[in-house]
Amino acid sequence: MMFILTIAPPLLFTNCCAPDQNQALRLCLGSTAVGAQYGAISALSINNDCSRLLCGFAKGQITMWDLASGKLLRSITDAHPPGTAILHIKFTDDPTLAICNDSGGSVFELSFKRVMGVRTCESRCLFSGSKGEVCCIEPLHAKVDLRDHPITQYSLLAMASLTKILVIGLKPSLKVWMTFPYGRMDPSSVPLLAWHFVAVQNSVNPMLAFCRGDVVYFLLVKRDDSGAIHVTKQRQLHLHYDLINFTWINSRTAVLLDSVEKLHVIDRQTQEELETIEISEVQLVYNSSHFKSLATGGNVSEALALVGEKACYQSISSCGGQVFYLGTKSVHVMTLRSWRERVDHLLKQERLTDALALAWSFYEGKAKAVVGLTGDTSKRKAVIGDRMVEILLHYTDRTLKKCPDQGKIQVMEQHFQDVVPVIVDYCLLLQRMDLLFNQIYDKMSENSVAKGIFLECLEPYILSDKLMGITAQVMKDLLLHFQDKNRLENLEACIVHMDITSLDIQQVVLLCWENRLYDAMIYVYNSGMNDFISPMEVGELLLHPLGCSAHILPEKQHFKPKALFYSLCCLAGRAYPLGDIPEDLVPLVKNQVFEFLIRLHSAEGSVDEEVYPYVRTLLHFDTREFLNVLALTFEDFKNDKQAVEYQQRIVDILLKVMVENSDFTPSQVGCLFTFLARQLAKPNNTLFVNRTLFDQVLEFLCSPDDDSRHSERQQVLLELLQAGGIVQFEESRLIQMAEKAEFYQICEFMYERQLRYDKIIGCYLRDPLRKEEVFNYIHNILSMPGYSAEEKQLVWQKALDHIEELLVLSPGKAADLAAIHFSEQLESIISNLQVSLLCLFYSREGINQDLLHLPPCVTEQFIELLCQYSPDQVLETLKVLECCRLEETIQITQKHQLHEASSYLLEKKGDIHGAFLVMLERLQSKLLVLTQDDETEPSLLENIEDTLMKTIALCQRNSHSLDQQQREALWFPLLEAMMSPQKSSGSSQCPHSESLKSLTMQVLNNMAAFIALPSILQRILQDPVYGKGKLGEIQGLVLGMLDTFNYEQTLLETTTSLLNHDLHWSLCNLRASVTRGLTPKQDYCCICLQQYKRRQETADEIIVFSCGHLYHSLCLLSKECGVVTKGLMRWMCYKCNSSNKGGKLSENLSELKKGAAASLAQLEMSIPGHPSAGGCPAAAASLSESVLDPQQIQAFDQLCRLNRGTSRLALLTELARGDKHGLLSVSHGDPATSSVFQNENFQLHLTPPPLAEE
């Protein structure tokens, strides 16, 4: 039984429960008998004109009702297979066509006809449930204004099955336009479909929203010129909750219902969540019983029943921007408030600032979920603007009313400071200056504090040029307020930004002069009266020269820089203090200012006043800038007789002021003549300057009375010459005076003009500030193109003549220069320089790398000099030099008794024994000195140890390439050399016996790696001294050697045992891992989400990974998780690798392709048949190759870390602590207490000794 109600209009997303006093019962359709026969109503649909109602029942019947009369028009029982419930029934835009979907997953088209007065219904199957159950359908509906859209003629229908969605066209013939698979989804999530027409790229087309789980896909449907339908994916919406309903409110706004019954209002374009509402109190009705088809015996699939747990398709409906929710006890309606209601809602909460911000977002068109605004943009802005004006007036009244009547004045000021800027901002945004300065200002003027704050808040808007003009009354009040507050600087800054038409010029000028607001005064004269001379005439006393301004009032002294800068601005065509003078006034202003500045005397000048005081003052103020402005002004002058005379007059005045006066610095005089030189160098020059003046300037700059400002004078003269003044001088005289004044840059400039590049080298060498640059200059001249061969030859010869001076200046750079440009003359250079050759080869960074490939004779001469003057660097140099003759070099080093260098060269030559003898001889000589002197300095012992270490290093480097006899010829003489001082003097008599024994032990330790221990012992015992039974002195040596043998034998056995144990443990754990059985976590494929027993493909296999995930092999292949390497298929778990995000899957696949292992103990089961096909399922399990994939390798490494035992290094340390025997240490009493484990500097020598020769 159905009740048709008339429901009252709802408000903003508020709930309305039915029934109430505004809702009336109109119809009651059906009866309890019909309900008992057909079951519960499971689906409803009303056509576009609300004249027909379709009802689907739980037992499969369909009825059609006339909503005007309440008559039953059709009762349909054969539209679909019996025994299935109607899940959905939908009218299309064609009132004779409807779509229904039953619990078997099939979809049927219902065509209503009337033949001979008899109403009939024809059914056509659109989609069979045997191909996958459809659980949601949605035909495309178009509003009345879109009924003529070309895409409506296809009567599109969207269907969502458990694995994919389809978009088909019912007209003119049935056709599938799109298929879209889901991919990996939660099997319990509900598929949702919703159509809406949206505007995209200046065209309106339908958009299909599809979602299942937490992702919403937007599919745009278009029709091309050929009539084909194209579906394109748009931006996806990713959520953090699962959806059970999706409803469009308008083309930009959607309402989403999640699985915990929370509503989310989403803006589609920005994907911003606008509001969230909890609706659990609605007690929403779910359609679970119909999806399980309980009324017909529950004959549905498990997958469809699982989806039906959260299905609420028939409980939620939308119409006209409203969403209806069917609860167990009431019907709730949700709707968006209109823009005006949203603003009023904030006003009721007294959130006026938020209300203004929201209204302004409506005004700009940036607000979201907007309802109630119609018309074009201008009409909308007018409506919203009127509403904002009302809010601003209300805001002003409320601010004045809420102001505290008493208390601290700071509290009242803060109250208005928080509000007034907001009001001003929105008045400026709305461009309602009339509102701001009339109604609102009148209201604020009622409160003196509010009025003051209002005026002060205008300042930042004026300074930023947002507020250019204000009314005369407000401007008057602003002037008085800032004057009362003594904020005259702020007032001046505001005036120069104001529109001049809004100012009372007389009032402002008077105020400016009274308070010395000169910037504002100049601005008013210039902008208000186009008068650029009066400010200068009024303040002409301030333009007097600095030395003649003692009679100027102190309060006006600070105007002088402003007036000077103002004059320069006028000459440059710039307005003061900011902006530009109008273009049509620029020539007139310049002429007026020039006429004023070039006056012979000021109006009130004294008798002794110098001529042209204004020009003189400007030149003193900033000579360079004033002349630059003059140059720009000359460019603007027209080339006529009057302009030429005017320019000549100005130049004559400048010469008279500066040349005939000694108050100007050389830099200022130079600036003048540089300016003149540039003017004279112009092609169309008409100026005349006496050449004698340039000679006077040259004398002035090059022959000063003192040596001060040398660099400044040189730079000024250089600029004068570069500007074209060179033509005004005689070059020979100029060079002579420049050399006399030590103006080397001037000399360089002149020599370069004369192409005398060799002379420039002398300029660099004599200039103390630029000496280092001579190397770059010579290199550039000799290596760069553009110079003749004769010019390069002269520079080359000049550099060669000064090579010694260059060496002293910078040895490194001189060496670079010689190596590049003088390589063939090096022998002659060396013969002339001798000792300076060392500087040629060496720089601060070491030996010059460019000189390593010189002729041998030059290199040997260099080594000879090095041996004489720097013997400590000989060895390091020999290691770097490559082209030297060894015999001659050895003779040189032996001549100067450089034993280490001789030994190095002999070793390099291949004479190992000769090199050893040299070092041995040096060692023996030092030992002899040690034994003969009773009191020896500690440095001698250090020297002996250093020589011994170098000799041992020599033996070690070469022992690997020698046979046993040759090794003994090296090591035994060295051992004998260290033991002989102890044998000759006796341990008790020699004061350094302990040190010698320690050094002897180092020899034994190192030779033990190359000489067999029995040979060492035999050689010691065969010594004539020890052969007579005197073994006490060598007892410590022998015991130390035996201790070494025992220690190394124990260490080798312990290490071997530990390695064998680790290998056995690793192999056991690996074998246990690869032979362990696997247990799947679920009985369905993690990709297709179907049970593995339901698959019908005979060639399919089941892949189980060690992580517990199960897949069909064909599913893994579709995800590219299988790679064939060496004839074997290697798999990778799709779920584990895809959960790592980013590019892990592709990286692991690339590893597989390179031959990495795939899975650990993966199980494959072949399924030859399917139970439904009549075959008996038979599973054959086969163990594939046991290999590790990257994930399993990582897990295995973690397992090893968890089970790792004590560190091997720690074991060795513990062994060392427990050892009680001494090792290779000189005995000083009890051998048990002198072990090497008490020696911190002990080093292990684990190299096994060579076998003794028989």
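- If you check an unreviewed UniProt entry, the chain appears there as VPS8 subunit of CORVET complex from Zonotrichia albicollis.
- The heading Sequence similarities (unreviewed entry) in the UniProt record of the chain holds the text "Belongs to the VPS8 family."

1. Here's the deal with the overall build of the chain
Move 1: Broken down by element type, the chain carries 47 helices and 34 strands.
Move 2: Per-residue burial over the chain gives 47% buried out of 1254 residues.
Move 3: Across the chain, contacts joining residues at least 24 apart in sequence account for 57% of those joining residues at least 6 apart.
Move 4: Total accessible area computed for the chain in this model is approximately 63,800 Å², and 51% of it derives from carbon and sulfur atoms.

2. Focus on the packing of aromatic side chains
Where two aromatic rings form a pair, the distance of their centres and the angle of their planes describe that pair.
Move 1: Taken as a whole and assessed by the stated rule, the structure comprises 18 aromatic pairs.
Move 2: Note on tyrosine 441 and phenylalanine 454: the rings are 5.3 Å apart at their centroids and 45 degrees apart in plane angle, and the pair reads as tilted. Taken as a pair, tyrosine 441 in helix α9 (residues 433–444) and phenylalanine 454 in helix α10 (residues 448–463) lie far apart in primary sequence, 13 residues in all.
Move 3: Under the relative-accessibility criterion, tyrosine 441 is labelled buried at 3%.

3. Some remarks on the packing of helix α11 (residues 472–484) against helix α13 (residues 505–514)
Move 1: Between α11 and α13, whose axes approach to 11 Å, the crossing angle comes to 15 degrees. By the angle between their directions, the pair α11 and α13 is classed as roughly parallel. Crossing geometry of α11 relative to α13 is assigned as left-handed. Two secondary-structure elements touch here, α11 through Lys476, Leu479 and Gln483 and α13 through Gln507, Val508 and Leu511.

4. Looking at the pairing of strand β24 (residues 316–319)
Move 1: Here β24 pairs with strand β25 (residues 322–326) via four bridges, running antiparallel. Bridged to serine 317 within β25 is phenylalanine 324.
Move 2: Hairpin connection between β24 and β25: a loop of two residues separates the two successive antiparallel strands, and glycine 320 in this loop has a positive phi of roughly 60 degrees.

5. Structural notes on the packing of helix α37 (residues 912–932) against helix α38 (residues 938–959)
Move 1: Their axes nearest at 10 Å, the elements α37 and α38 cross at an angle of 160 degrees. Taken together, the axis directions place α37 and α38 in an arrangement best described as roughly antiparallel. Read as a crossing pair, α37 and α38 show a hand that is left-handed. Between α37 and α38, the residues in contact are Ile912, Ala915, Phe916, Met919, Arg922, Leu923, Lys926, Leu927, Val929 and Leu930 and Leu940, Leu941, Asn943, Ile944, Thr947, Leu948, Lys950, Thr951, Leu954, Cys955 and Asn958, respectively.

6. A few points about the pattern of salt bridges
Move 1: Inspection of every chain in the model, using the stated rule, returns 26 salt bridges.
Move 2: A salt bridge links aspartate 66 to arginine 52, with the nearest nitrogen and oxygen atoms 3.6 Å apart. With aspartate 66 in strand β5 (residues 62–66) and arginine 52 in strand β4 (residues 52–57), this pair connects stretches of sequence that are 14 residues apart.
Move 3: You can call aspartate 66 buried: its relative accessible area is 15%.
Move 4: Taking the shortest distance from any N to any O, the salt bridge between arginine 487 and glutamate 459 comes out at 3.0 Å. With arginine 487 in the loop between α11 and α12 (488–495) and glutamate 459 in helix α10, this pair connects stretches of sequence that are 28 residues apart.
Move 5: Among the residues examined, arginine 487 registers a relative accessible area of 25% and is labelled partly exposed.
Move 6: According to the relative accessible area criterion, glutamate 459 is buried, its value standing at 11%.
Move 7: In this structure, a network of salt bridges that share partners links the residues Asp344, Arg387 and Glu390.

7. Section: the nonpolar core
Move 1: Core analysis: the largest hydrophobic core is formed by 171 residues, its most contacted members being Phe454, Ile495, Leu654, Phe673 and Leu717.
Move 2: Among the elements that make up this core, the one with the highest residue count is α10 (nine residues).
Move 3: Apart from residues lying up to four places away in sequence, phenylalanine 454 is in contact with Val420, Val424, Leu436, Phe437, Ile440, Tyr441 and Met444.
Move 4: Ranked by size, the runner-up nonpolar core spans 56 residues in total, among them Cys136, Tyr182, Leu193 and Phe218.

8. A look at helix α6 (residues 377–402)
Move 1: Across its 26 residues, α6 extends 36 Å between first and last C-alpha, which sits within 8% of the 38 Å expected from 1.5 Å per residue.
Move 2: Listed as buried for α6 are Ile384, Gly385, Arg387, Met388, Val389, Ile391, Leu392, Leu393, Tyr395, Thr396 and Thr399.

9. Thoughts on the environment of glycine 1108
Move 1: If you trace the backbone, glycine 1108 turns up in the loop between β29 (1101–1104) and β30 (1110–1112).
Move 2: Exposure remark for glycine 1108: the relative accessible area of 4% places this residue in the buried category.
Move 3: Glycine 1108 has contacts with Thr1079, Pro1080, Lys1081 and Gln1082, leaving out every residue within four places of it along the chain.

10. Some words on the sheet that holds β25
Move 1: Read from one edge of the open sheet, three strands run β24-β25-β26, paired in antiparallel fashion. This sheet does not close on itself; its edge strands, each paired only once, are β24 and β26 (331–335). Within the sheet, the average angular offset between the axes of one strand and its neighbour, ignoring direction, is 25 degrees.

11. Some words on the side chain of glutamate 791
Move 1: One can find glutamate 791 in helix α28 (residues 789–801).
Move 2: Buried glutamate 791, no salt bridge; nearest opposite-charge side chain is lysine 792, N-O distance 8.5 Å.
Move 3: One polar contact links the side chain of glutamate 791 to the main-chain amide nitrogen of serine 788, over a distance of 3.1 Å.
Move 4: Filtering out sequence-adjacent residues up to four positions away, glutamate 791 remains in contact with Leu755 and Tyr757.

12. Quick notes on unusual backbone geometry
Move 1: Each neighbour pair has its own omega, and for lysine 171 with proline 172 the value is -10 degrees, a cis peptide bond.
Move 2: By the element assignment, proline 172 lies in the loop between β13 (164–169) and β14 (175–181).
Move 3: The phi torsion at cysteine 50 lies on the positive side, around 60 degrees, for a residue other than glycine.
Move 4: Structurally, the position occupied by cysteine 50 is in the loop between β3 (41–46) and β4.
Move 5: Residue glutamine 201 is not a glycine yet carries a positive backbone phi of 55 degrees.

13. Quick word on helix α24 (residues 731–740)
Move 1: Buried within α24 are the following residues: Leu734, Ile735, Met737 and Ala738.
Move 2: Summarising the contacts, the buried residues of α24 are in contact with α22 (691–702), α23 (710–722) and α25 (744–753).
Move 3: Of the residues flanking the end of α24, it is glutamate 742, one or two places downstream, whose phi is positive at about 60 degrees.

14. Brief notes about the sheet that holds strand β20 (residues 243–248)
Move 1: Pairing is antiparallel in the open sheet, where four strands are placed in the order β20-β21-β22-β23. At either margin of the open sheet sits one strand with a lone partner, and together these are β20 and β23 (272–278). Ignoring strand direction, the axes of neighbouring strands in this sheet form an average angle of 20 degrees.
Move 2: Bridging between strand β21 (residues 253–258) and strand β22 (residues 262–267) involves five bridges; their strand directions are antiparallel. Directly across from alanine 254, in β22, lies its bridge partner isoleucine 266.

About the criteria used
- Residues numbered from 1 in each chain as written.
- Predicted model: local features only at pLDDT ≥ 70, side-chain atom pairs only at ≥ 80, totals over all residues.
- Heavy atoms only, no water.
- UniProt positions renumbered as here; feature names shortened; annotations may be inferred.
- Helix = DSSP H or I, 4+ residues; strand = E, 2+ residues; numbered from the N terminus.
- Buried < 20%, exposed > 50% of the residue type's maximum accessible area, 1.4 Å probe, protein only.
- Contact = heavy atoms within 4.5 Å.
- Areas by Shrake-Rupley, 256 points an atom, 1.4 Å probe, with all protein chains shown as cover.
- Phe/Tyr/Trp six-rings, centres within 6.5 Å; stacked < 30°, edge-to-face > 60°.
- Axes fitted to C-alpha atoms, helices over the stretch in contact; angles between N-to-C directions.
- Parallel < 35°, antiparallel > 145°, perpendicular 65-115°, else oblique.
- Left-handed = near helix turned anticlockwise from the far one by under 90°.
- Pairing = 2+ DSSP bridges.
- Salt bridge = Lys/Arg side-chain N within 4 Å of Asp/Glu carboxyl O.
- Core = buried A, V, L, I, M, F, W, Y, C linked by side-chain atoms within 4.5 Å.
- Expected span 1.5 Å × (residues − 1).
- Lys, Arg positive; Asp, Glu negative; His and termini not counted.
- Polar contact = N/O pair within 3.5 Å; in protein donor to acceptor, adjacent residues only side chain to side chain.

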